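Chain residues, written in single-letter form:
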Amino acid sequence: MTIAMIGTWRMAETGITPAMAELRAGGSARDALVTAIKAVEDYPYYQSVGYGGLPNAAGVVETDAAYMDGDTFRLGAIAGARDIANPIAVAQALSQEPANNLLVGTGATEYASTRGFELKNMLTERAGQKWEQKRQELASKNLNPYDGHDTVGMVALDAQSRMTVGTSTSGLFMKRTGRVGDSPLPGAGYYVDSTIGVATATGMGEDLMKASLSYETVRLMGTGLSASEALRQAVYPFIDRLTKIGQHPREFSYVALRQDGDWGIATNVEFTFAVAQDDGATQIYIAQPNGDQPDIQLLGRAMDQMRVQALRQIKDKHSQVYKALKPNWKIYHKADPDAKTKHYRFGINESLTDQELIDIGITPFPNLHNAYETYIDIHDALLNSQTERLSNLIKTYRSCGEPMDIAIATLRKNLKGVLNASQTRLSNGPLEGINRKIKALKRSCYGFANQERMFERIYQLIA
Ligand code: GLY
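Computed from a predicted structure; not experimentally measured.

Caption draft 1: Highlighting the overall build of the protein chain. Helices and strands together make up the secondary structure of the protein chain, namely 17 helices and 14 strands. A buried classification covers 51% of the 463 residues belonging to the protein chain. Counting contacts in the protein chain only where the partners sit at least 6 residues apart, residues at least 24 apart contribute 64% of the total. Accessible surface for the protein chain amounts to roughly 21,200 Å². Of this, 50% is attributable to carbon and sulfur atoms.

Caption draft 2: Quick look at the confidence of the model for the protein chain. When pLDDT is averaged along the protein chain, the result is 88; 88% of the residues meet or exceed 70. Taken together, the stretch residues 426-431 has pLDDT below 50 and engages in 19 contacts with residues farther than four places along the chain or on a different chain.

Caption draft 3: Spotlight on the packing of helix α11 (residues 354-362) against helix α12 (residues 366-383). Viewed as axis vectors pointing N to C, α11 and α12 meet at an angle of 140 degrees, and their least axial separation amounts to 8 Å. Here α11 lies oblique to α12, going by the angle between them. Touching Q355, I358, G361 and I362 of α11 are L368, H369 and Y372, all from α12. When grouped by side-chain class, the residues that make up the contact of α11 with α12 number 4 nonpolar, 3 polar and no charged.

Caption draft 4: Fine view of the packing of aromatic side chains. Overall, the coordinates contain 12 aromatic pairs when judged by the stated rule. A centroid spacing of 5.7 Å and a plane angle of 70 degrees characterise the contact between W263 and F273, whose relative ring orientation is edge-to-face. Taken as a pair, W263 in strand β10 (residues 263-267) and F273 in strand β11 (residues 271-277) lie far apart in primary sequence, 10 residues in all. Aromatic pair Y332 and Y372: ring centres 6.1 Å apart, planes at 85 degrees, arrangement edge-to-face. Of this pair, Y332 sits in the loop between α10 (320-325) and β13 (343-345) while Y372 sits in helix α12, and the two are 40 residues apart along the sequence. Both residues of the pair, Y332 and Y372, count as buried.

Caption draft 5: Quick peek at helix α4 (residues 105-114). Within α4, the full set of buried residues consists of A108, T109, Y111 and A112. Projected down its long axis, α4 carries its buried residues within an arc of 160 degrees, all on one side. Those residues of α4 that are exposed and aimed more than 90 degrees away from the buried face are T106, E110 and T114. Where α4 terminates, the next one or two residues include G116, which has phi positive at roughly 85 degrees.

Caption draft 6: A look at the site of the ligand. With respect to spatial proximity, the complete set of residues near the ligand consists of T151, G171, R179, G181, D182, S183, G203, M204 and G205. One nitrogen or oxygen atom from the side chain of R179 is found 2.6 Å from an oxygen atom belonging to the ligand. The backbone of G203 places a nitrogen or oxygen atom 2.7 Å from a nitrogen atom of the ligand.

Caption draft 7: Spatial organisation of the environment of A29. Within the secondary structure layout, A29 lies in helix α2 (residues 29-42). Since its relative accessible area comes to 0%, A29 is described here as buried. Taking the C-alpha atoms as reference points, A29 and A156, 127 residues apart in sequence, are found 5.3 Å from one another. Among residues more than four places away in sequence, those in contact with A29 are L23, A156, L157, D158, R162, M163 and T164.

Caption draft 8: Looking closely at the pattern of salt bridges. A complete count under the given rule lists 21 salt bridges for this structure. Note that R115 and E97 form a salt bridge whose closest N and O atoms lie 3.1 Å from each other. Of the two residues, R115 sits in the loop between α4 and α5 (125-140) while E97 sits in the loop between α3 (87-95) and β4 (102-104), which places them 18 residues apart along the sequence. Judged by its relative accessible area of 18%, E97 is buried. D207 is paired through a salt bridge with R250; the nearest N and O atoms lie 3.1 Å apart. One end of the pair, D207, is in helix α6 (residues 205-208); the other, R250, is in the loop between α8 (227-244) and β9 (252-258), and 43 residues separate them in sequence. Overall, D207 belongs to the buried group, its relative accessible area being 0%. R250 gets classed as partly exposed once you look at its relative accessible area, which sits at 41%. Each of R30, D69 and D71 takes part in salt bridges that share partners, so that together they form one network.

Caption draft 9: Examining α8 more closely. Here α8 is 18 residues long and its end C-alpha atoms lie 26 Å apart, about the 26 Å a rise of 1.5 Å per residue gives. Buried within α8 we find A227, S228, A230, L231, A234, V235, Y236, F238, I239 and L242. Phi turns positive, to about 80 degrees, at G246, one or two residues after α8.

Caption draft 10: Main features of the pairing of β11. By the criterion of burial, β11 is predominantly enclosed, with 6 of the 7 residues buried. The sheet contact formed by strand β1 (residues 4-8) and β11 spans 5 bridges and is antiparallel. Bridging from a neighbouring strand, G7 pairs with A274 of β11. For β11 and strand β12 (residues 283-287), the ladder comprises 5 bridges, and the chain directions are antiparallel. Its bridge partner being in β12, F271 is matched across the sheet by A287. Linking β11 to β12, which pair antiparallel, is a turn of 5 residues; within it D278 sits at a positive phi near 45 degrees.

Caption draft 11: Focus on the nonpolar core. Counting 72 residues, the largest nonpolar core has M5, M154, V235, F252, L257 and F273 as its most contacted members. The dominant element in this core, judged by the number of residues it contributes, is α8, at 9 residues. Those residues within four positions of F252 in sequence are excluded, and the remaining contacts are T202, D207, L208, L213, V235, F238, I239, L242, A266, T267, N268 and V269. Among the nonpolar cores identified, the runner-up in size contains 38 residues, and M303, L325, I331 and I394 belong to it.

Conventions used here
- Residues numbered from 1 in each chain as written.
- Predicted model: local features only at pLDDT ≥ 70, side-chain atom pairs only at ≥ 80, totals over all residues.
- Heavy atoms only, no water.
- Helix = DSSP H or I, 4+ residues; strand = E, 2+ residues; numbered from the N terminus.
- Buried < 20%, exposed > 50% of the residue type's maximum accessible area, 1.4 Å probe, protein only.
- Contact = heavy atoms within 4.5 Å.
- Areas by Shrake-Rupley, 256 points an atom, 1.4 Å probe, with all protein chains shown as cover.
- pLDDT = per-residue confidence, 0-100.
- Axes fitted to C-alpha atoms, helices over the stretch in contact; angles between N-to-C directions.
- Parallel < 35°, antiparallel > 145°, perpendicular 65-115°, else oblique.
- Nonpolar A, V, L, I, M, F, W, Y, C, P; charged D, E, K, R; others polar.
- Phe/Tyr/Trp six-rings, centres within 6.5 Å; stacked < 30°, edge-to-face > 60°.
- Arc of directions from axis to C-beta.
- Near = heavy atom within 4 Å.
- Polar contact = N/O pair within 3.5 Å; in protein donor to acceptor, adjacent residues only side chain to side chain.
- Salt bridge = Lys/Arg side-chain N within 4 Å of Asp/Glu carboxyl O.
- Expected span 1.5 Å × (residues − 1).
- Pairing = 2+ DSSP bridges.
- Core = buried A, V, L, I, M, F, W, Y, C linked by side-chain atoms within 4.5 Å.

Now the structure itself:
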């Protein structure tokens, strides 16, 4: 038995913490989900959800939201809706209706009004100012008008193994009146089946709605795959497919949770999200796209230090070895350097493949050579989630020089975490996230009249 909640973006933490308290007290995933999303909708500084959300091109806040119950498959949604204080609550109410489950525009507002849901103007002074500023920028510069569309997607699992999912967003900033994203669309923006698991998306709705990847992720988890593996198989091939046909997918992020509490994420952009399970505190993670994990960054830095040590030993700054090592350092970080295509290399005055260039640089320096081989092997094992191979490489590493020895010793000390991280595309999330926030606070939160004002400032910074 496990309870859990996951929400997209850092703002989800505002809702997850009180909602998890409900779940811990025996509350249902149905209620906890609405508690969590309502808290995010009510917070005026989150500028892509609920009150304080950024307006459309006409200066009006239009919201999309959805709710789905994984026990009954009942779902409700609103789209392009105005003046509804808590879109998620209305979406949940619609999920109980025998028909008319997805209402748009005035139909949604009328329903909310007749059912006694609070109506209010969702435009805050702050969001209005931002809109006016953007409008002036757009008039004077040739800018992409569309940004700021960070949907809160939330999933919940209660102690009775019931699962729910919800989304809420004000959609793209400066979108056209009536524009609807993926968030109210089942299968694309969200999907849940309590016997399997749940997935939800955030990012550019116009891309996310090109495939029902939330549904596909749940289906794949149903075949026995972990949440991370299901997302990996559902999401990345589709991103690759769009890229191949020249559609250049914009921001794309998903979270998924299985009924047994296993969770994962997939993203093509730096992505923060919040997770809470059982008695643990809510954790904020930062995920990096492209599987670029901190462990490999650590080894990359060690290899660079050894490269610099090697450079210091070279007297002739015009030699081929020097020219191969000094300006071409980025090539040494590639997981799979090109061994086929030759490019003319200035300074070396020859056409060489990346691999040939690397060989010129490392061959005279046995320690650097070994450090490079270690880096490449571990990078490959990490990228391919080969946990056993990774474990062997770290355990059987033979000393090849100080910086790399220290880096490997660090990996050995944290072996369990490193092996866990190799199964997902996560960064060292909580630590990195907290460190960054502490730095931001140090810079900006100084000399406030009271604690409340300081917290307001913090939320402005991190929303
Ligand atoms: N994913 C939210 C939207 O595009 O509106």
